[in-house]
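Below, each chain spelled out in residue letters.
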Amino acid sequence: MLMHSGRGVPFRKLPPANYIPGMKNFIFTVIFLCCLHLRAAGAALTEVHTRNYFQAQQPAPVSGQVTDDKGTPLPGVSVSLKGSNVGVQTDANGRYTLKLSGKQDVLVFSFIGYTKQEVNVNGRAQVNVQLSTEASTLHEVVVVAYGKQKKVSLTGAISTVSSKDLKQSPVANLSNALAGRLPGLIAYQQSGEPGNDDSQIWIRGFATFSGSQAPLIMVDGVERSFSSIDANEVESISILKDASSTAVFGIRGANGVVLVTTKRGTVSAPRVAVSVQNGMQSPTRMPKYLDAYDALSLYKEGLANDGLNTSLYTDDYLNKFRDRSNPTYQYLYPNVNWQDELVKDFARMSQFNVNVNGGTEKAKYFVSLSYRQQEGLYKHEKDIKDYNIQAVTNLYNFRSNIDLNITKDLSLELNLGAMIRDRNYPGTDADQLWLRAKQTPSWWYPVSNPNGTISGLPQKDANPLGLLTQTGYQRFFDNTTQASTGMNYKMNWITEGLSARARLSFDAVNYRNVGRTKGFDTY
């Protein structure tokens, strides 16, 4: 139906008779709500399916039991996931339970004295493992007072360090290589001077309070010193710490026992080993001292605190100990660090060793030859042409161990060792040099006079530089020869394991000391 208003207004279409106002908006609203509902339902369904999917994929915990070769449960076994920090230990019955992160996890089983194993889970809920003992641990031999014993049957308090560990320590004296490597052993090094740098050794503190507190030291069954032995010659060093392990030594073992075993030949073709080492030695820590200005400033302050006269120590006077604009001030107002004047930062040490071992079932041998040179830290060695003031030690080592199987039951051993030391030192001992360098004030006198003579003052301690360079030198030569022979006779025809051993040893020590000392004038 069309209508016209007669006023030039265009016609418009009227709604049908059954038209309901707002119906279109209502229909759109219903459709929109239905879509939202379906979407929410689908999201919820998706979430449920996703949750169920992951719940289905998450692996269950794995459990099991760990036993030894004989089926005995092993408590305390470490069970861990490879490549992670997740792990547990087995209980008293050897059982464990561990949460996994995936079906293909790898379990690592480890226990002291047993071979470590890695097992792939492969989705299993129970994994039982049988650990086997380490052959090296079962058959490892430890040197005891009366011979050798398997470590697995050892009951005494014995600690052992091998040659491999000893050679890792870059030290000149073998006694210093034991520090920190054997529980219960204390090594105290009082000096770092070449040739006098061995350590005092105590085992489990002081067992006696009178007489010697040092342990009994046995080298291949003979009481000897071991500090000059080359580490390349040593097979192992064992310390006996308790009464059960030292009982056979009686009262001599009251302070403990150190057993040094040198290397012996093996059944093999001749094998030659050569090692060359060069290194630098430096003090671990050196004391720091005040210079002349700071020391005199504090001295002035002390005088003022005591109400004494300080007129001499004016600021102008004190500043001259630091002022070097005038060349004469270094002689009139000296400021000397005696420690820096006498000692350098590094000293060289070199070592060479060649050894041969091998043999057959009838005869085995080990032969070693080594040389070591260790220099000291003193300066001014090139200033003196007439003699050597540097602390230097040259050490030559030789060792030969031969084993002969005479018969099936009788064996013979022949051991020969030699150590030659050549040591050189200044005319003044090291303890006096260090004492004078520490106690001589930095403002007393200069290092030397302008003409090169040694400076000094009346009624004052001697110039430390003069003590080092102008008192001559000391030379010490000593050589030690060690020989031992022994036999071992097995008497298995009486009872299995019974044997008799006899040993004869001979040691010779020769020394020659030369001292060329002199005095010096100061100006």
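Residues numbered from 1 in each chain as written. Predicted model: local features only at pLDDT ≥ 70, side-chain atom pairs only at ≥ 80, totals over all residues. Heavy atoms only, no water.

(A) A nonpolar patch on the surface, seen in detail. On the surface, L404, I406, L412, M487, Y489, W493, I494 and L498 cluster together into a nonpolar patch covering about 720 Å² of accessible area. Relative to the assigned elements, L404 resides in strand β20 (residues 392-405). (Patch = residues over 30% accessible without salt bridge, like charges linked within 9 Å, V, L, I, M, F, W, Y side chains within 5 Å. Areas by Shrake-Rupley, 256 points an atom, 1.4 Å probe, with all protein chains shown as cover. Salt bridge = Lys/Arg side-chain N within 4 Å of Asp/Glu carboxyl O. Helix = DSSP H or I, 4+ residues; strand = E, 2+ residues; numbered from the N terminus.)

(B) Summary view of the sheet that holds strand β21 (residues 410-426). Taken in spatial order, the seven strands of this open sheet run β17-β18-β19-β20-β21-β22-β23, and their pairing is antiparallel. On the outer flanks of this sheet lie β17 (268-281) and β23 (499-517), each paired with one strand and no other. For this sheet the average axis-to-axis angle between neighbouring strands, irrespective of direction, equals 5°. (Pairing = 2+ DSSP bridges. Axes fitted to C-alpha atoms, helices over the stretch in contact; angles between N-to-C directions.)

(C) Quick peek at the pattern of salt bridges. Across all of its chains, the model carries 16 salt bridges by this definition. As a salt-bridge pair, D422 and R475 come within 2.9 Å of each other at their nearest N and O atoms. Taken together, the positions of D422 in strand β21 and R475 in strand β22 (residues 472-490) put the pair 53 residues apart, joining distant regions of the chain. Classification of R475 by relative accessible area gives partly exposed; the value is 28%. Linking D478 and R423 is a salt bridge whose minimum nitrogen-to-oxygen distance equals 3.6 Å. Linking D478 in strand β22 with R423 in strand β21, this pair joins segments that are 55 residues apart in sequence. Since its relative accessible area comes to 13%, D478 is described here as buried. Exposure remark for R423: the relative accessible area of 12% places this residue in the buried category. (Buried < 20%, exposed > 50% of the residue type's maximum accessible area, 1.4 Å probe, protein only.)

(D) Seen up close, the packing of aromatic side chains. One pass over the full model with this rule turns up 14 aromatic pairs. Geometrically, the ring pair formed by Y299 and Y313 is edge-to-face, given 5.6 Å between the ring centres and 85° between the ring planes. Here Y313 lies in the loop between α5 (292-305) and α6 (315-319) and Y299 lies in helix α5, a separation of 14 residues in the sequence. Assessed through its relative accessible area of 14%, Y313 is described here as buried. Arranged with centres 6.3 Å apart and planes meeting at 50°, the rings of W444 and Y445 form a pair that is tilted. Among the aromatic side chains, those forming a connected cluster through ring pairs are Y299, Y313, Y317, F321, Y329 and Y333. (Phe/Tyr/Trp six-rings, centres within 6.5 Å; stacked < 30°, edge-to-face > 60°.)

(E) Layout of α5. Under the 1.5 Å per step criterion, the end-to-end length of α5 is 20 Å for 14 residues, consistent within 8% with the ideal 20 Å. Residues of α5 that are buried: A292, A295, L296 and L303. On an axial view of α5, the arc spanned by its buried residues comes to 90°, and they lie on one face. Facing away from the buried side of α5 by over 90 degrees, the exposed positions are L298 and N305. In this structure, the buried side of α5 is in contact with α6. Just downstream of α5, G307 is the residue with a positive phi angle, here 75°. (Expected span 1.5 Å × (residues − 1). Arc of directions from axis to C-beta. Contact = heavy atoms within 4.5 Å.)

(F) The sheet that holds strand β13 (residues 216-219), seen in detail. Pairing in this open sheet of five strands is mixed, and the strands run β10-β15-β16-β13-β14 from one edge to the other. One side of each edge strand has no neighbouring strand; the edge strands of this open sheet are β10 (158-162) and β14 (222-223). Two elements, β13 and β14, share two bridges in a ladder whose sense is antiparallel. Following the sheet pairing, V219 is matched in β14 by V222.

(G) Up close: helix α9 (residues 430-439). What α9 keeps buried is the set A430, L433, R436 and A437. When α9 is viewed along its axis, its buried side chains cluster within an angular range of 135° and face the same direction. In the core, the buried residues of α9 are packed alongside α8 (338-342), β21 and α10 (464-469).

(H) Inspection of the environment of L290 at higher detail. With respect to the helices, strands and loops of the structure, L290 is situated in the loop between β17 and α5. In this structure the C-alpha to C-alpha distance between L290 and V336, which are 46 residues apart in sequence, comes to 10.0 Å. Those residues in contact with L290, other than ones at most four positions away along the chain, are A295, L298 and S442.

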